[in-house]
Amino acid sequence: MGYKVPFVDPAKNYLLIKDELDAAYFEVMSKGDLIDRGHLRSFEENLAKFVGTKYAVGLNSGYDALHMSLRAAGIRLGDEVIVPAHTFVATCSAVVNVGATPVLVDVARDFNIDIGKIEEAITPRTKAIIPVHLNGHIADMPRLMPIAEKSGLAVIEDACQSLGSSVDGRRAGSWGLTGCWSFYPFKILGGYGDGGAITTDDPEVALFATRMRYNGEDRQSGEYHGHGFTCLLDNLQAAFLDVKLRHLPAWIIRRKQIAERYRQAFADLPDLAIPHYDDPRFDHVYQNYVVRAKQGDAFSNYLKDHGIEVLVQFRKPYYKHEALNLVDRGFPETEALSREVCSLPMNIEIDDEQVYHVIKTVRSFYGQKA
Ligand SMILES: Cc1ncc(COP(=O)(O)O)c(C=O)c1O
């Protein structure tokens, strides 16, 4: 079905910056610079600068960023790692795939880990915590960091959904041992296929990831420093991402404008919780605009029936998928939000008229005029 308001519109996005992307493509292709070349290094430098860390290392995906970070932190069989009960499953799978045990903690009203519930999940085996900055809103790092420090936990930030977000002026991905990034096409900074990175201030961690992404090899000396992986960010993707990174500050402003229009239009609807938390220390970049509608599927289906493409992430929490074999300790907030969540279109391709169509439709669901 062709939606009047698509959730994302990658072809339109391409047209907005076609000349720059085409120039990047022709440069890479005509030079034949495909693997570990200048565009990758340039993007890494610019990403590190943007996030506020000393280093960035381009990888193949956000999953790889989490995986490399856990390995760099020495997490292995027998260790426990705290992860939120509400996140994309990759956060948890990376923990399982290094042999460690994920210990899930419920989330709070902002969809991020409930800081007040972390300490009760810490045991003598807990070695790390992965706060996830979901939807473009950074977790409460000023409260989380002292808890992690007190218990000697490595902090690996899953910042895959929050490039540009900050708290107290310090950006997501610059608080922990590493920040993990995904450049999956529909992320706030999306490539044209899979992509990811870590950011870090730790030279050892940067070196580890740089070697391990290329099968453990030091590319200068040819020495293998361990059994590694193949998970390098392609030079061509890096060239595209470098172009898009230049536009990101302006694109974030546009996202905030749309979020503000939604806020003004929905603030009086008692059955709809909207993602505005009114704490000026936090800078929300609205990777996703996730509302909680008491009416659940009736709400999301109504929007779809009226030409609005929405996403529902997720009706079934990941820990309830039997094959994942995870311990459900009871997570009331995650359960409640799972029945209600609905992501409205939030992208820089939609125009004001399309935003108005969303507003009009949401209000009409609740029997209100726009
Ligand atoms: C919160 C979160 N963590 C991890 C990932 C994994 O990233 P990727 O799909 O690039 O592996 C994603 C995105 O898909 C994500 O949203």
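The rules behind each value
- Throughout, a residue's number is its position along its own chain's written sequence, starting from 1.
- Reporting in this predicted model follows two pLDDT cut-offs: at least 70 for local features of residues, and 80 or more for side-chain atom pairs to be given and counted; totals over whole chains, interfaces and linings ignore these cut-offs and use all residues.
- Only heavy atoms go into the side-chain values, all of them from the structure, while hydrogens and water stay out.
- Paired strands, in this sense, are two strands between which DSSP finds at least two bridges.
- A helix here means a DSSP run of H or I that spans at least four residues, while a strand means a run of E at least two residues long, and both kinds are numbered starting from the N terminus.
- To get an axis, a line is fitted to the C-alpha atoms, and for a helix only the part in contact is used. The angle between two axes follows their N-to-C directions and goes from 0 to 180 degrees.
- What makes two residues a contact is simply this: any of their non-hydrogen atoms within 4.5 Å.

Caption draft 1: Highlighting the sheet that holds strand 5 (residues 154-158). Taken together, 7 strands build an open sheet; the order of strands is 1-9-8-5-4-2-3 and the sheet is mixed. Across the chains shown, the open sheet's two edge strands, defined by having one partner strand only, are strand 1 (55-59) and strand 3 (101-105). The mean inter-strand angle of the sheet, taken between neighbouring strand axes irrespective of direction, is 25°. Of the strand pairs in this sheet, strand 4 (residues 126-129) and strand 5 are connected by 2 bridges, and their pairing is parallel. Bridge pairing links I129 to V155 in strand 5. The sheet strands contacting helix 4 (residues 62-72) are strand 1, strand 2 (80-84), strand 5, strand 8 (178-182) and strand 9 (196-200), and the helix crosses strand 8 at an angle near 160°. Contacts from helix 5 (residues 90-97) reach strand 2, strand 3 and strand 5 within the one sheet, and its direction differs from that of strand 3 by about 150°.

Caption draft 2: Spatial organisation of the sheet that holds strand 6 (residues 166-167). Across the sheet, which stays open at both edges, the 3 strands sit in the order 7-6-11 with antiparallel pairing between neighbours. Strands with a single pairing partner mark the edges of an open sheet, and in this sheet they are strand 7 (170-171) and strand 11 (282-283). As paired elements, strand 6 and strand 11 share 2 bridges and run antiparallel to each other. Counted as the bridge partner of V167 is F282 from strand 11.

No statement about biological role is implied by the geometric values presented.
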